[in-house]
Amino acid sequence: MGRRRVVVLAPFTLPFAGWGSARAESFDWASPGLASRPEDDVGPEFIKTANGTKVQILQQGRGEKPSVGDTIVYDFVLRRSNGYFVYSTVEGLGFQPRDVPTGPREYAVGSDDERVISGLREVLMECKAGSQVRLLVQPENGYTPLQAMASDEREPSMPTYATRRQLANHASEPLLFEVQVSKIRRKQQK
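Throughout, residues of each chain are indexed from 1 in the direction in which the sequence is written. In keeping with the predicted nature of the model, local features appear solely for residues at pLDDT of at least 70, side-chain atom pairs appear and are counted solely at 80 or more, and the whole-chain, interface and lining totals rest on all residues. Just so you know, side-chain values use all the structure's heavy atoms and leave hydrogens and water out.

A. Seen up close, the overall build of the chain. Check the secondary structure of the chain and you find four helices and seven strands. Only DSSP runs of H or I covering at least 4 residues are called helices, and only runs of E covering at least 2 are called strands; the numbering of each starts at the N terminus. Taken from N to C terminus, the helices and strands of the chain fall in the order α-β-β-β-β-β-α-β-α-α-β. Counting all 190 residues of the chain, 46% fall into the buried class. A contact between two residues is defined here by any heavy atoms of the two lying within 4.5 Å. Long-range pairs, those at least 24 residues apart, make up 72% of the contacts in the chain between residues at least 6 apart in sequence. Using the Shrake-Rupley algorithm and a 1.4 Å probe, accessible areas are obtained, with residue cover drawn only from the displayed protein chains. Carbon and sulfur atoms form 50% of the exposed surface of the chain, whose accessible area is close to 10,600 Å². Residue exposure (1.4 Å probe, protein chains only): buried if accessible area is under 20% of the type maximum, exposed if over 50%, otherwise partly exposed.

B. How the structure looks around the pattern of salt bridges. In what follows, salt bridge is the name for a side-chain nitrogen of Lys or Arg lying within 4 Å of a carboxyl oxygen of Asp or Glu. Under the counting rule described, the total for this entry stands at eight salt bridges. Residue Arg186 pairs with Asp70 through a salt bridge whose shortest N-O separation is 2.7 Å. Here Arg186, found in the segment after strand S7 (175-185), pairs with Asp70, found in the loop between strand S2 (54-59) and strand S3 (71-80); they are 116 residues apart in sequence, far enough to count as distant. A salt bridge links Glu173 to Arg80, with the shortest nitrogen-to-oxygen separation between them at 3.4 Å. With a gap of 93 residues between them, Glu173 in the loop between helix H4 (161-169) and S7 and Arg80 in strand S3 connect regions that are remote in the sequence. The class of Glu173 is partly exposed, set by a relative accessible area of 22%. Connected through shared salt-bridge partners, Arg79, Arg134 and Glu178 make up one network.

C. The side chain of Asp70, seen in detail. Asp70 gets classed as buried once you look at its relative accessible area, which sits at 1%. A distance of 2.9 Å separates a polar side-chain atom of Asp70 from the backbone nitrogen of Ser67. Side-chain atoms alone can form a polar contact between residues adjacent in sequence; in general such a contact is a pair of N or O atoms within 3.5 Å, and within protein one must be able to donate a hydrogen while the other accepts it. Within the local environment of Asp70, its side chain forms a polar contact with the backbone nitrogen of Lys187, the two atoms lying 2.9 Å apart. Among residues more than four places away in sequence, those in contact with Asp70 are Tyr107, Ala108, Val109, Ile184, Arg185, Arg186 and Lys187.

D. Looking closely at the nonpolar core. In terms of nonpolar packing, the biggest core is built from 29 residues, with Tyr74, Leu120, Phe177 and Val179 touching the most fellow members. Aside from chain neighbours lying at most four places away, what touches Phe177 is Phe76, Val77, Leu78, Ile117, Leu120, Val133, Arg134, Leu135, Val137 and Pro156. As used in this record, nonpolar core signifies buried Ala, Val, Leu, Ile, Met, Phe, Trp, Tyr and Cys residues forming a set joined through side-chain atoms within 4.5 Å.

E. Representation of empty space enclosed by the protein. Both cavities and pockets are sets of points on a 1 Å grid over the protein atoms alone; in a cavity a 1.4 Å probe fits but cannot get out, in a pocket the set is open with protein on both sides within 12 Å along at least five of seven lines, and lining residues sit with an atom within 4 Å of a point. Grid points are joined across faces, edges and corners, and a volume is the space filled by probe spheres set on the points. One pass over the full model with this rule turns up two cavities of 30 Å³ or more. Residue type decides the class: Asp, Glu, Lys and Arg count as charged, Ala, Val, Leu, Ile, Met, Phe, Trp, Tyr, Cys and Pro as nonpolar, and the leftover types, Gly among them, as polar. Among the residues forming the lining of the largest cavity, the class breakdown is six nonpolar, three polar and one charged.

F. Broad picture of the environment of Asn51. Topologically, Asn51 is positioned in the loop between strand S1 (46-48) and S2. Looking at Asn51, the relative accessible area reads 24%, which means it is partly exposed. Expressed as a C-alpha distance, the spacing of Asn51 and Gly119, which sit 68 residues apart in the sequence, is 7.2 Å. Not counting chain neighbours up to four residues away, the residues in contact with Asn51 comprise Ser118, Gly119, Glu122 and Asn141.

G. Molecular detail of the packing of aromatic side chains. Side-chain rings of Phe, Tyr and Trp, where Trp is taken by its six-membered ring, are said to pair if the distance between their centres is within 6.5 Å; with planes under 30 degrees apart they count as stacked, over 60 as edge-to-face, and otherwise as tilted. Counted under the stated rule, the structure contains three aromatic pairs. With 5.7 Å between their ring centres and 55° between their planes, Phe76 and Phe177 make a pair best called tilted. Here Phe76 is found in strand S3, whereas its partner Phe177 is found in strand S7, with 101 residues between them in sequence. We classify Phe177 as buried; its relative accessible area is 0%. Each member of the aromatic cluster is reached from another via a ring pair, and the members are Tyr74, Phe76, Tyr87 and Phe177.

Right, here's the structure in full:
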């Protein structure tokens, strides 16, 4: 009998009761999405993009896709590929210290292109307002160890030394993002 590889991934949920955050309850941020591997045929299908990022569309948005000059406003939860929490822009997650800054991030299409990691940028450009997606960003489309440690080198930037250090130490691993695009601010017509 040949060698067998056994992977045990247990889904877990986090209690939101008592945290009182409407933002945390609007989307199931507790799910790391690792109950099944992207290769399994369970749940919504993962689609592979041109640069190798695997995308799972959890909810389609409405309206038009962003274009150059628009600003995408989004929230995200970032985990390592094994499900370990790294950082979230969503208030009310129990395992993030209260003094860590939260709040939606913005991506100005056309002017922030080189700062946003390519795996996330490629997917954000295809999302409409209200979209919810899960993406598995390959290491070459994420952060290098030096970029992870520089607080303003790449977006989304991590607010604390601990989160930057975690990304730097695990830069050779894929990253799991869960992203919700809250709105797209259109460029002002003149």
